[in-house]
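Chain by chain, the residues:
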Amino acid sequence: MTNTTSTTEPVLGGAAGAAAPAPDVTGATDGSRASRPNGRNGRNGRNGRNGRKRRRAAWGVMSTREKVLRYVLLVVVLFITIGPFLWQLSTSLKGTGEDIYTANPSFIPTQPTFGNYLRVGEAIPVFGYIGNSLVVAAIDVLGNIVFATLAGFALARLQWRFRKAVLGLFLATLVLPGEATIISQFVTVKDLGLADSLVGVALPGMIAALNVLLMFNAFRQIPEEIDQAAVMDGANALQRLRYISLPAVQGTIAVIAIFSFIGAWDDFLWPLIVLQSPDKLTLTVGLQYLQGTFATDQRMIAAGTMIAFIPIAVIFAILQRFFFKGVEEGGVKG
């Protein structure tokens, strides 16, 4: 007998029944309800995506207001730091016909000339003073590179008694200003028979506590496992210093060289105390002869300042790549 059951009725529990959507009280299926553009889920999804985009923009991209503020601050800092140098350079290039004492001086020279530099060479033996300053700076740079490196390596990589006490003494010396010990330094240099000599000028600056601490911090960044492996292979302290530690701290050595050169080149008070002979004066002390008793030409003084600045600019231009590498070594622990 033939079954007359209608095929339009859903079969409960069957595949066809599982595939058929359940009716909604509003007359719409789940699929159509989810596809409505004005549904609550759609609005929440868009709000969530917009919030994530705003957070990404806040972290990754600066607003126009922030950019303007940063550039304004950079211009202010640049004006404070570079402004006096540019003004000295402008003054050194001004001719005698320009009034540099007027209430509204011109920044750009109207009569540019290099005659002020030639007059400096005629007034003082500038090349002899430059040679004396280079001798003092070379001794200080070499002394700090050698002795600060050895002291920093001993404090950071070797184990010995009173190591922490010595490190504390180096830290304590940073608190004292240089003027507090200048009399004892002069007495020591005089007793050694080095007064009125370039070696006597360079001797106190041959090793600086700050440079020792910089090398100590640089050597401390090297992993201990490397030294332990070298010791197991039979390497002594000098071999570990030469083949393992020194290649890793080249940037810090460049930083020490630059700081030592600038400190020795710009020093004025100590050479003024130690030196008496006019032919042994350093450049910073010799430039004082440009100031006359009854008249002073600020153009010549500005030209002498620019001459003293040239060696510093050359040294920094040569070592700037290693300088920034050394700053990264001291600021980021590897």
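All values reported here derive from a predicted model rather than from experimental measurement. (Residues numbered from 1 in each chain as written. Predicted model: local features only at pLDDT ≥ 70, side-chain atom pairs only at ≥ 80, totals over all residues. Heavy atoms only, no water.)

1. Some remarks on the overall build of the protein
Consideration 1: Scanning the protein for helices and strands turns up 16 helices and 0 strands.
Consideration 2: Each of the 334 residues in the protein was classed as buried or not, and the buried ones make up 30%.
Consideration 3: Considering only intrachain contacts with a sequence separation of at least 6, the fraction spanning at least 24 residues in the protein is 73%.
Consideration 4: Summing over all exposed atoms, the protein offers an accessible surface of approximately 22,200 Å²; the carbon and sulfur share of this is 65%. (Helix = DSSP H or I, 4+ residues; strand = E, 2+ residues; numbered from the N terminus. Buried < 20%, exposed > 50% of the residue type's maximum accessible area, 1.4 Å probe, protein only. Contact = heavy atoms within 4.5 Å. Areas by Shrake-Rupley, 256 points an atom, 1.4 Å probe, with all protein chains shown as cover.)

2. Overview of the pattern of salt bridges
Consideration 1: The full count for this structure, using the stated rule, is 4 salt bridges.
Consideration 2: When the shortest N-O distance is used, the salt bridge between D227 and R157 registers 3.0 Å. A residue pair is termed long-range when its members are at least 10 positions apart, and D227 in helix α11 (residues 224–232) and R157 in helix α6 (residues 126–157) qualify at 70 residues. We note that D227, like R157, is buried. (Salt bridge = Lys/Arg side-chain N within 4 Å of Asp/Glu carboxyl O.)

3. With respect to helix α4 (residues 64–92)
For the α-helix, the turn length of 3.6 residues means that residues three or four positions removed from each other point alike.
Consideration 1: Here α4 contains 29 residues, and its C-alpha end-to-end distance of 40 Å stays within 8% of the 42 Å for a straight helix at 1.5 Å per residue.
Consideration 2: By the largest-angle criterion, I82 marks the main kink of α4, which is about 45°, and a proline, P84, follows within four residues.
Consideration 3: All of the buried residues in α4 are S90, T91 and S92. (Expected span 1.5 Å × (residues − 1). Bend = angle between axes of the 7 residues up to and from the residue.)

4. Description of the confidence of the model for the protein
Consideration 1: Across the protein, the average pLDDT comes to 80, with 78% of residues at or above 70.
Consideration 2: The low-confidence segment residues 1–37, where pLDDT is below 50, has 5 contacts with residues more than four positions distant or belonging to other chains. (pLDDT = per-residue confidence, 0-100.)

5. Notes on the packing of aromatic side chains
Consideration 1: Taken as a whole and assessed by the stated rule, the structure comprises 5 aromatic pairs.
Consideration 2: Taken together, a centroid distance of 5.9 Å and an interplanar angle of 35° make the contact between W87 and F107 tilted. You can see W87 sitting in helix α4 and its partner F107 sitting in the loop between α4 and α5 (115–123), a full 20 residues away along the chain.
Consideration 3: With relative accessibility at 34%, the residue W87 sits in the partly exposed group.
Consideration 4: Here K94 stacks its cationic end above the ring of W87, 5.0 Å away from the centre of that ring. (Phe/Tyr/Trp six-rings, centres within 6.5 Å; stacked < 30°, edge-to-face > 60°. Lys NZ or Arg CZ within 6 Å of the ring centre and 35° of its normal.)

6. Brief notes about the nonpolar core
Consideration 1: Formed by 34 residues in total, the largest nonpolar core has its most connected members in V120, I124, W265, L283 and L290.
Consideration 2: Counting residues per element, the ones that place at least two in this core are α5, α6, α8 (182–191), α9 (198–202), α13 (250–266), α14 (269–274), α15 (283–286) and α16 (298–331).
Consideration 3: Contact partners of V120, with chain neighbours within four places excluded, come to L290, M300, A303, G304 and I307.
Consideration 4: Residues A156, M215, V249 and I256 belong to the second largest nonpolar core, which totals 17 residues. (Core = buried A, V, L, I, M, F, W, Y, C linked by side-chain atoms within 4.5 Å.)

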